[in-house]
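Structural overview for review
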Amino acid sequence: MAEDTIQSVARAFSILEQLAAQGEMGVRELHGATGLSVTTVHRILGTLTELGYVRQNENTSRYGLTYKMLALGQRVPQHSTVIQLAHPLLQQLSEQACETIHFAERSDTNIRYIDKVIPSSGVVVMGSCLGMELPMYSTAVGKSMMADMSRQEVEDIWSRSQIITYTPNTVSSLPELERQLAGVSYDWEEREPGISCVAVDILDVTGRPAYAVSISSSDARMRQNQDRYADLLREVKVRLTELIGYSL
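Residues numbered from 1 in each chain as written. Predicted model: local features only at pLDDT ≥ 70, side-chain atom pairs only at ≥ 80, totals over all residues. Heavy atoms only, no water.

**Quick word on the side chain of Thr 109**
Quick note on the threshold: Numbering of helices and strands runs from the N terminus, with a helix taken as a DSSP run of H or I at least four residues long and a strand as a DSSP run of E at least two residues long. Here a residue-residue contact requires only that any non-hydrogen atoms of the pair lie within 4.5 Å.
Assignment of secondary structure puts Thr 109 in the loop between β3 (100-107) and β4 (110-117). Among residues more than four places away in sequence, those in contact with Thr 109 are Pro 135, Met 136, Ile 157, Arg 160 and Ser 161.

The following block contains the structure:
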């Protein structure tokens, strides 16, 4: 009985993850994407719809997530000690730079955005959102974490990553990636055209690069302000790492 229950939960989350990644999907699309039978997909969607986490589009009969799922996810930062420690510093950094600030954590070979602060003016539209995961090699936050890892660990992450060319500037080889690994790391339009980022990693209590903070901006503003932004981030790294409990 316990095994059946665990399997049901895993199946439900496989559907939720597909809907989160792809948007609205039909039953047969979910069947193909998850490998679950059509009957199982129907049953799980029915339960998720009753609970209010999924809704069916009356016009297309396709299914999508509701804002109840978003509201659930937004409660996570309220209960995370690390995010509570970091958020005031992120807000201050956003005010100083007048730019969007991201706070990310490592998720195996990816990074996951766990907090984001948007300035009150001069906002550059970008596709990031809380909970979004991206390959470490393609982001400034990921590179900053890898800069504090051993060569062997960097090679392992690269070998297990799906290498995707998001833009013409995306890193496409391990030697190219290794040349870019430094204490302050950059993403020059590697994920989104017109958007560049600079980041530093944040160490956990054991001294491991578990988190990172970035400033994201238009490519033009980043090139004009990259030294100032880098200095601001170095200050945040020292302050936040010490708040977490590790002395640099």
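**Overview of the sheet that holds strand β5 (residues 133-135)**
Strand pairing in a sheet is mediated by backbone hydrogen bonds. Such pairs are either parallel or antiparallel. Counted only if it meets this: In short, DSSP must find at least two bridges between two strands for them to pair. Where helices are involved, their axes are fitted lines through C-alpha atoms of the stretch in contact, as for all axes, and angles between N-to-C directions lie from 0 to 180°.
Strand order in the open sheet formed by six strands is β5-β4-β3-β8-β7-β6, with antiparallel pairing between adjacent strands. Pairing within the sheet leaves two strands with one partner each, and these edge strands are β5 and β6 (185-188). When the angles between neighbouring strand axes are averaged without regard to direction, this sheet yields 30 degrees. Pairing of β6 with strand β7 (residues 195-203), which is carried by four bridges, proceeds in the antiparallel orientation. Within the sheet, the bridge partner assigned to Trp 188 lies in β7 and is Ser 196. Taken strand by strand, helix α9 (residues 219-244) contacts β3, β6, β7 and β8 (209-218), and its axis lies near 15 degrees from that of β7.

**Description of the confidence of the model for the protein**
One rule of thumb: low pLDDT means the predicted coordinates there are not for detailed reading. Put simply, the test is: Across the chain, each position has a pLDDT score giving the predictor's confidence in that residue, from 0 to 100.
Overall, the predicted model of the protein reaches an average pLDDT of 90, with 93% of residues at or above 70. Per-residue pLDDT, averaged within each element of the protein, yields its smallest value for helix α4 (residues 67-74) (73) and its largest for helix α6 (residues 140-146) (97).

**Some remarks on the environment of Met 126**
How we decide: Partly exposed describes any residue whose relative accessible area lies between the buried limit of under 20% and the exposed limit of over 50%, with all areas from a 1.4 Å probe on protein chains only and scaled to the type maximum.
Positionally, Met 126 belongs in the loop between β4 and β5. When its relative accessible area of 13% is taken as the criterion, Met 126 is described as buried. Taking C-alpha positions, Met 126 is 9.9 Å from Arg 191, a pair spaced 65 residues apart along the chain. Sequence-distant contacts of Met 126, defined by excluding residues within four places in its chain, comprise Thr 100, His 102, Lys 116, Glu 192, Ile 195 and Ser 216.

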